[in-house]
Amino acid sequence: MGKRVHLGVTGSIAAYKALDLLRLLQEADCRVSATLTESCARFVAPLTFEALGAAPVYTSMFDEAPDADTAFGHLEPGQEADVMAIAPASANTLARLAYGLADDMLSCQALAFPGPKIVAPAMNPRMWEAPATRRNWDMLGELGYIRVLPGTGFVACGDTGTGRLAPMEEILTAVLKALSPQDLAGRKVLITLGPTRESWDAVRFWSNPSSGTMGACMAMAAHLRGAEVTVVAGPTNLTFPGDISVVSVTTARQMFEACADLWPGMDAACLTAAVADYRPVPFGDTKFKKTSSAGAGITVEFEPNPDILKSLGQAKKDGQKLIGFAAETDNVKEEAARKLAAKNLDLIAANDISRPGSGFGVPTNQMTVLDESGRMETWPQLPKTEVAWRLWDHLLLG
Ligand code: C5P
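The rules we used
- Residues numbered from 1 in each chain as written.
- Predicted model: local features only at pLDDT ≥ 70, side-chain atom pairs only at ≥ 80, totals over all residues.
- Heavy atoms only, no water.
- Helix = DSSP H or I, 4+ residues; strand = E, 2+ residues; numbered from the N terminus.
- Buried < 20%, exposed > 50% of the residue type's maximum accessible area, 1.4 Å probe, protein only.
- Contact = heavy atoms within 4.5 Å.
- Areas by Shrake-Rupley, 256 points an atom, 1.4 Å probe, with all protein chains shown as cover.
- Lys, Arg positive; Asp, Glu negative; His and termini not counted.
- Charge placed at Lys NZ, Arg CZ, Asp CG, Glu CD.
- Pairing = 2+ DSSP bridges.
- Axes fitted to C-alpha atoms, helices over the stretch in contact; angles between N-to-C directions.
- Near = heavy atom within 4 Å.
- Polar contact = N/O pair within 3.5 Å; in protein donor to acceptor, adjacent residues only side chain to side chain.
- Nonpolar A, V, L, I, M, F, W, Y, C, P; charged D, E, K, R; others polar.
- Salt bridge = Lys/Arg side-chain N within 4 Å of Asp/Glu carboxyl O.
- Parallel < 35°, antiparallel > 145°, perpendicular 65-115°, else oblique.
- Domains from an automatic or database assignment.
- Core = buried A, V, L, I, M, F, W, Y, C linked by side-chain atoms within 4.5 Å.

**Some words on the overall build of the protein**
Assigned secondary structure in the protein consists of 14 helices and 22 strands. Along the three orthogonal principal directions, the C-alpha set of the protein runs to about 80 × 50 × 40 Å. Every one of the 398 residues in the protein was classed for burial, and the buried ones make up 48%. Long-range contacts, defined as pairs at least 24 residues apart, comprise 66% of the intrachain contacts of the protein with a sequence gap of at least 6. Carbon and sulfur atoms make up 53% of the accessible area of the protein, which amounts to about 19,100 Å² in all. Here the protein carries 36 positive and 45 negative side-chain charges, and the mean point of each set is 5 Å from the other.

**A short note on the sheet that holds strand S21 (residues 376–378)**
In space, the eight strands of this open sheet follow the order S13-S12-S9-S14-S17-S18-S20-S21, with mixed pairing throughout. This sheet does not close on itself; its edge strands, each paired only once, are strand S13 (245–248) and S21. Direction aside, neighbouring strands of the sheet carry axes that sit 15° apart on average. By the bridge criterion, four bridges tie strand S14 (residues 268–271) to strand S17 (residues 321–328) in an arrangement that is parallel. Note that in S17 the partner of leucine 271 across the bridge is glycine 324. Docked against the sheet, helix H12 (residues 308–315) engages strand S9 (188–193), S14 and S17, running at close to 155° with respect to S17.

**Remarks on the sheet that holds strand S3 (residues 57–58)**
With parallel pairing, the six strands of this open sheet are ordered in space as S3-S2-S1-S4-S5-S6. With one partner strand each, in any of the chains shown, S3 and strand S6 (146–147) form the two edges of the open sheet. Contacting strand S1 (4–9), strand S4 (83–89), strand S5 (117–121) and S6, helix H9 (residues 168–179) runs over the sheet at an angle of about 165° to S4.

**Focus on unusual backbone geometry**
Cis rather than trans, the peptide bond between alanine 55 and proline 56 has omega equal to -10°. Turning to its location among the elements, proline 56 is positioned in the loop between helix H3 (46–51) and S3. The linkage connecting alanine 87 with the following residue, proline 88, adopts the cis geometry, with an omega of -5°. Looking at the element boundaries, proline 88 is found in strand S4. Its identity is not glycine, yet aspartate 29 carries a phi of approximately 70°, on the positive side. Position of aspartate 29 among the secondary structure elements: in the loop between helix H1 (17–27) and strand S2 (31–36). Phi is positive for asparagine 344, which is not a glycine, with a value near 60°.

**Considering the site of the ligand**
Neighbouring the ligand are 13 residues, the closest being Leu271, Ala273, Pro306, Lys339 and Lys343. In the model, an oxygen atom of the ligand is placed 2.5 Å from a nitrogen or oxygen of the leucine 271 main chain. Phenylalanine 325 has a polar backbone atom sitting 2.8 Å from an oxygen atom of the ligand. Computed on the free molecule, the ligand has an accessible area of 450 Å², of which 87% lies beneath the protein chains in the complex. Of all the secondary structure elements, the ones that give two or more residues to the shell around the ligand are H12 and S17. Looking at the shell around the ligand residue by residue, the classes come out as seven nonpolar, two polar and four charged.

**A few points about the pattern of salt bridges**
Tallying each qualifying case throughout the model produces 17 salt bridges. The closest approach of N and O atoms between aspartate 20 and arginine 23, which form a salt bridge, is 3.4 Å. With aspartate 20 and arginine 23 both in helix H1 and three residues apart, the pair spans about one turn of that helix. In this structure, aspartate 371 and arginine 375 form a salt bridge, with 3.2 Å as the shortest nitrogen-oxygen distance.

**Describing the packing of H9 against helix H10 (residues 213–224)**
Taken N-terminus to C-terminus, the directions of H9 and H10 make an angle of 60°; their axes are 8 Å apart at the nearest point. One element, H9, and the other, H10, form an angle in the oblique class. Along its contact with H9, which presents Thr173, Leu176 and Lys177, the element H10 presents Met220, His223 and Leu224. Its residues assigned to classes, the contact of H9 with H10 shows three nonpolar, two polar and one charged.

**Thoughts on the domain arrangement of the protein**
Each assigned domain of the protein is listed with its residue range as follows: domain 1 (4–179) and domain 2 (188–286 + 299–397). Between the C-alpha centres of domain 1 and domain 2 the distance comes to 38 Å.

**Considerations on the nonpolar core**
Generally speaking, soluble globular proteins have nonpolar side chains that are buried together. Grouped together as the largest cluster of nonpolar side chains are 36 residues, with contacts concentrated most on Leu7, Val9, Leu21, Leu25, Phe49, Ile171 and Val175. Counting residues per element, the ones that place at least two in this core are S1, H1, S2, S4, S5 and H9. For this core, the leading source of residues is H9, giving seven residues. Every residue in contact with leucine 7, bar those within four places of it in the chain, is listed here: Ala18, Leu21, Leu22, Leu25, Val32, Ser33, Ala34, Thr35 and Ala85. Grouped together as the second largest cluster of nonpolar side chains are 32 residues, Val189, Met218, Leu382 and Leu395 included.

**Some points on the pairing of S1**
Buried residues dominate S1, accounting for six of its six residues. Covered by surrounding structure in S1 are Arg4, His6 and Gly8 together with Val5, Leu7 and Val9, the residues of both alternating faces. Sheet topology note: the S1/S2 ladder contains six bridges and is parallel. Counterpart to leucine 7 in the pairing with S2 is alanine 34.

This is how it looks when you write it as structure tokens:
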């Protein structure tokens, strides 16, 4: 939050997509400045970037810096911005960056930029495959550029192949990661999320309304902070960046098996999944049919599912950290303390799901956090993204 990202935008039909990146970065509470190459300004006007709040917006080598007493335009982003992201980057700009040319404003600023630099190319597939571009791309890797590969599919000129600008979420993730402390680098973390689904007959199942949002926030925060993240996900609509590995499961028993296999290789696990504690004893593989006596109702029996968190707590080795969640409707603190001890946890994050703005299907949570040293904190209602960030802080500093 409050960081500044300097966008470089080059002459590509995809230049208009940089406006989406600008908006997404602003939504993530970043300030954004931009430099448009001369050919970019033929596709999208500098005024469009200015009107959407980018400041300053540079177009030529001889633009004034925002404060001419303290900075020159070609040096200013390097002095004031935290990350530089060049998206879309044309073949021409890749070559300029690879060779350290400084013959326009963007290449000068990139050369003078000491912080992390991201390139996301967009070009015709034959230009992307050209030996010179391959070599320039490798050179950019050697120079320490963070490279976001282009996607494959139809490109504007009608060809098919690799060269489309990567999806905006991928570029945004690369930028946010470059802005984040890498204080979880080298750690392997396991996250469970979403509901489980327990079949009763061929078409009916027992489940709950968990969307998996809190777990996705834990996974993304850990990923942005450098962790190697594995998600074990019940059925949800969520998608994750390619370098988060996702194991998709349906039932609590499948989730249990996946977690039991993964846990010995992990440094930390955070179990946010809303696991069904009981599963219906199946009616069978066919569909249950309403009968004339159905008006009398039916009785479904349930049997217990494994407690994944508890079994991970029992198997926990020295140095492993385990975070549990507790969704309660009453006695939140007492229940949290009881579960922390009973399941051998390092941290428990409890929320009162009877309150508005906390629990299932809302983007915020109001947490009481308790750790094994007895430290208890009650946090105000916060976005789940921030709850996740604070939970990793708590675990790291605790
Ligand atoms: O005891 P309770 O179900 O309230 O504990 C909630 C915590 O335990 C959550 O972290 C949840 O992901 C986890 N859990 C589990 N396996 C279960 C039930 C809950 O891992 N069968």
